[in-house]
Amino acid sequence: MDFQIYVGIILFLIGTLGFVIRRNIIVCFMCIELMLNSVNLIFVTYSHQLKSAIGLMYAFIIMAVAAAEVAIGLAIIIMIHRLKNTVDMDQLNILKG
Amino acid sequence: MFNYIAAIPLFPAIGALINGILGTRFPKSLVHIIALTAIGSSFALSVKAFFQLLSLPPDQRIIEVTLYQWMASGDFSIDVAFLLDPLSAVMLLVVTGVGFLIHIYSTGYMHHDPSYSRFFTYLNLFVFAMLLLVMGNNFLMMFVGWEGVGLCSYLLIGFWFDDHANASAGKKAFVVNRVGDFGFILGMFMIFIIFGSLKYSDVFSRAESLLPYGGIMATAITLLLFVGATGKSAQIPLYVWLPDAMAGPTPVSALIHAATMVTAGVYMIARCNVLYSLAPFSLGVVATIGALTAIFAASMGLVQRDIKKVLAYSTISQLGYMFLGVGVAAYSAGVFHLMTHAFFKALLFLGAGSVIHAMGGEQDIMNMGGLRKHIPKTFLTFLIGTLAIAGTPGLAGFFSKDEILWQAFSSPHGHPLLWAVAAVAAGMTSFYMFRLTFLTFFGKERMDEHTKHHIHESPNSMVIPLMILAILSVLGGYVGVPEALGGSNHFHHFLDPIIKKVGKAEPHHYSHALEYGLMLTSVAIAVVGFILAYTMYIRRPDLPERLANNFQGLYKLLFNKYYVDEIYEFIFVKGCKNLGTLLWLKFDVPVIDGIVNGVGKVTMYLGENVRKIQTGYIQHYIVGILIGVVVVLGIFIF
Amino acid sequence: MITTYISYIFSLLAIVFALSTIFQRNPVYSAASLIVVMIALAVNYLILNAEFIAAIQVIVYAGAIMVLFVFVVMLLNIKEVTKKSEQLSKGRLFGIILSVLFGIQLIVVALSAKTIITKGDILKYAGMDSTRIIGKVLFSDYLLPFEVVSIVLIVGIIGAVVLAKSKE
């Protein structure tokens with residue numbers, strides 16, 4: 001099951017790429033989820049390889065935290081949409097300076 | 001332990017403190033009572049100390065009193081300690097005695113001055129500093145006193161500072177002094193490096209073993225110390241401040257610039273006689289400069305018109321004699337002349353002050369004349385002073401000056417040429433002093449009617465010190481009558497213990513006949529000077545003007561003091577100013593201001609540009625994170 | 001043996017659909033692709049003997065989180081971004097290069113990693129399946145993270161409610 005690690009890395013890479021490329025906030029957010037999932041995969045792989053329960057624990061907790069994060073993140077996105085009526089990242093530079 | 005010796009400098013210090021802080025609130029009588037009590041007590045204690053010293057056998061006449069340890073750092077430690085030995089006892093008596101008389105005189109002279117208390121504060125402060133100088137038992141204490149008297153000189157010269165010229169004169173005195181002090185400090189450093197201590201007892205006892213005879217160390221130390229002496233005691237080339245210092249009140253000129261401060265250099269050399277005896281080259285330098293100064297200053301005094309300026313040049317010239325004396329290793333002769341000079345020069349200055357007081361402020365002798373009928377007491381004392389300084393046999397100046405001349409000729413470090421120069425200067429001294437006397441007190445009365453009306457004899461507070469000093473000028477020489485004339489030269493024997501015999505030079509043994517012959521020669525020269533002055537100013541008063549017209553170039557040269565002040569101004573003052581301006585414009589403004597301003601500019605520039613990183617776009621921030629991660633991972637991988 | 005092949009297939013599936021996620025124009029299609037990725041990963045977890053995690057993945061991630069995503073996409077009524085196609089500005093290009101670089105570095109690290117066989121604590125729980133193991137570990141050794149996670153979830157709930165409330 002060694003190759004799973006490389007799968008995880010590739011997924012992480014794709015997630016980063018997507019984040020950098022896409023202009024839509026929600027799709028960017030989805031790429032973050034993709035990155036989190038890839039990390040989960042790597043944790044579980046190592047847990048299986050090293051015969052340790054820690055990896056499973058981490059995966060579990062990451063998932064819980066990701067859930068909370070998504071909830072709040074989407075709420076923020078909705079607020080931004082209310083403010084600027086757009087989800088284009090290139091237009092969100094209010095914090096400039 | 002608190003010995004009464006420590007009280008000697010303490011009283012003037014307290015007097016200065018009280019008068020300084022509270023003096024303006026006191027009535028004038030209280031001010032001078034405090035000041036006079038202070039210095040009078042010091043004088044009384046000095047007398048007591050002198051007699052205590054006399055009670056001890058000659059080779060044990062050293063009393064050291066340590067007050068406390070001033071500083072200690074590593075192997076360097078200095079105590080505030082006082083040394084009482086024959087030399088310092090002589091200086092003590094001179095300083096406090098003449099100082100006391102001058103204080104009394106000042107109560108009359110400065111009576112109408114609004115800054116009465118300030119004057120007495122400074123006078124007491126000066127005496128305190130001078131006492132530290134002569135009583136300290138290590139070089140640093142001497143230096144503290146040295147600087148202190150320089151400071152008081154500045155304060156007192158510029159006493160009437162509302163007039164800009166007076167303030168400038170004070171400034172000039174201080175700055176020129178400072179140049180000399182630099183040499184003194186370097187000398188002290190060298191002493192410390194070689195001896196590891198600044199205490200006289202440590203230095204002088206080991207000097208012969210640590211300094212090779214005639215070696216470069218001894219020469220360097222003594223020359224550097226002498227530089228300090230040229231500044232303080234107004235020798236060539238640092239004498240230029242003394243004539244200007246006449247801008248101060250006359251008692252100041254008497255005390256500081258005649259009797260005490262300017263003699264500090266002579267005292268210093270006498271104290272360090274061991275070091276100087278180990279460096280014959282330095283002795284030669286001292287003697288030569290002393291002789292040259294004597295004749296140089298005397299030549300300038302020949303044509304001056306201000307009564308105080310004549311006396312100032314006379315002081316410089318007489319100081320030259322003292323340095324000539326110590327320069328031929330006749331240390332006690334130099335100190336002897338110091339003492340007698342204090343008497344008659346103080347007398348002359350105070351007398352001049354009396355004349356100025358009588359003339360309502362006039363100082364130009366060409367506007368005086370025939371005053372002997374109006375102010376007879378002043379005239380009598382002034383005449384005694386003049387006779388003393390000219391070297392009239394029997395008066396104080398004769399014995400001291402003659403001893404110096406004899407030593408200049410006969411000492412192993414002496415030279416007949418030195419004697420000749422000094423003898424000519426003696427003739428000039430006699431001439432210009434009698435010129436001064438004749439023009440002031442004899443002859444036609446050249447002042448205007450208004451001034452003539454107001455001529456009056458000075459009050460007793462001024463006249464009595466004059467009379468006491470006149471008595472001293474007459475009798476003071478008898479402590480030092482040389483053996484050739486049958487005396488036993490008590491003064492020389494008194495000071496003998498502090499002079500260490502060094503070196504291989506054998507004193508020549510001249511016959512007494514030679515000594516008589518030289519004595520007669522110097523008396524003859526003095527008489528010649530008197531006759532010349534008498535002829536030119538009493539018999540044929542038109543003669544001076546005709547001579548001046550015939551030798552115009554020489555006259556102008558002498559009258560303008562050889563243009564030395566102008567030369568110094570051009571080379572040193574303008575030079576320093578130009579250098580300062582150049583450094584300011586070329587270095588200070590562009591480089592230093594540039595660096596400081598540059599730091600500010602760089603910060604602003606950085607700020608304006610780094611802030612552009614914050615664009616507000618999240619994706620840019622992610623890219624930033626990625627950069628960091630890539631770099632760190634890269635470092636770890638490689 | 002056969003599990004290895006299945007894991008190959010589903011891994012490939014995951015990668016393909018991940019690429020689809022980032023390259024699709026329509027955000028709904030992106031979300032849908034992401035769901036497929038998650039399910040593929042869940043299968044991988046199953047093969048890796050982590051049944052509990054697989055179940056949680058499907059239930060929580062694919063079932064709740066992605067549904068949230070789809071809700072928000074629909075809610076905001078996002079038009080497709082048709083104007084100026086994703087401009088590959090200099091910044092973006094730089095980002096792409098950097099990410100690739102990063103990926104390469106990670107692969108290098110993974111390649112050079114040496115597996116250390118530690119005395120894993122799964123031996124303590126030998127013979128149990130992963131669910132039981134997680135249960136035991138969660139409530140004994142890792143109790144603190146568990147409690148903290150519950151606080152995080154509460155914060156998430158409250159935060160989401162506060163944030164998304166309309167302004168009256």
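Details of the structure are given in the entry above.
Keep in mind that what you see is a predicted model, and the values were worked out from it rather than measured.

Where do I start with the pairing of strand E1 (residues 63–73) of chain B in this structure?
The two faces of a sheet get side chains in turn, since along a regular strand they alternate between them. Residues and elements named next belong to chain B. Bridge analysis of E1 against strand E2 (residues 76–84) gives nine bridges, and the strand direction is antiparallel. Each residue of the ladder has a partner; that of Gln69, found in E2, is Asp79. In this structure, the hairpin formed by E1 and E2 is closed by a connection of two residues, where Gly74 is found at a positive phi of approximately 70°.

Teacher, can you tell me more about the packing of helix H11 (residues 264–271) of chain B against helix H14 (residues 307–327) of chain B here?
Any two packed helices are characterised by how steeply their axes cross, that is the angle between the axes, and by the distance between the axes. Residues and elements named next belong to chain B. Contact geometry for H11 and H14: axes closest at 10 Å, N-to-C directions at 5°. As far as their axial angle goes, H14 and H11 are roughly parallel. Residues Gly265, Val266 and Ile269 of H11 form the contact with H14, whose participating residues are Met322, Phe323 and Val326. Grouping the constituent residues of the contact of H11 with H14 by class yields five nonpolar, one polar and no charged.

Please clarify how the pattern of salt bridges should be interpreted in this entry.
As enumerated under the stated definition, the model contains eight salt bridges over all chains in all. Taking the shortest distance from any N to any O, the salt bridge between Asp88 of chain A and Arg23 of chain A comes out at 2.5 Å. Of the two residues, Asp88 of chain A is situated in the segment after helix H3 (54–84) and Arg23 of chain A in the loop between helix H1 (3–21) and helix H2 (25–50); the sequence distance between them amounts to 65 residues. On the basis of relative accessibility, which here comes to 13%, the residue Asp88 of chain A falls in the buried class. Between Glu569 of chain B and Lys574 of chain B there is a salt bridge, with the nearest N and O atoms lying 4.0 Å from each other.

Would you mind showing me how to read helix H8 (residues 216–232) of chain B here?
Helical geometry note: an α-helix holds 3.6 residues per turn, so side chains three or four residues apart project in the same direction. All names here are of chain B. Taking 1.5 Å of rise per residue, 17 residues should cover 24 Å, and H8 covers 24 Å from first to last C-alpha, within 8% of that figure. Turning to H8, its buried residues are Ala218, Thr219, Ile221, Thr222, Leu225, Phe226, Gly228, Ala229, Thr230, Gly231 and Lys232. In the stretch just after H8, Ala234 is the one whose phi turns positive, near 55°.

Just checking my understanding: could you explain the environment of Ile134 of chain C for this structure?
Within the secondary structure layout, Ile134 of chain C lies in helix H5 (residues 130–138). We classify Ile134 of chain C as buried; its relative accessible area is 4%. C-alpha separation for the pair Ile134 of chain C and Met1 of chain C, spaced 133 residues apart in sequence, amounts to 27 Å. Residues contacting Ile134 of chain C, with those up to four places away along its chain left out, are Leu56 of chain A together with Phe52 and Ile53 of chain C.

Rules used throughout
Residues numbered from 1 in each chain as written. Chains lettered and ligands numbered in written order. Predicted model: local features only at pLDDT ≥ 70, side-chain atom pairs only at ≥ 80, totals over all residues. Heavy atoms only, no water. Pairing = 2+ DSSP bridges. Helix = DSSP H or I, 4+ residues; strand = E, 2+ residues; numbered from the N terminus. Axes fitted to C-alpha atoms, helices over the stretch in contact; angles between N-to-C directions. Parallel < 35°, antiparallel > 145°, perpendicular 65-115°, else oblique. Contact = heavy atoms within 4.5 Å. Nonpolar A, V, L, I, M, F, W, Y, C, P; charged D, E, K, R; others polar. Salt bridge = Lys/Arg side-chain N within 4 Å of Asp/Glu carboxyl O. Buried < 20%, exposed > 50% of the residue type's maximum accessible area, 1.4 Å probe, protein only. Expected span 1.5 Å × (residues − 1).

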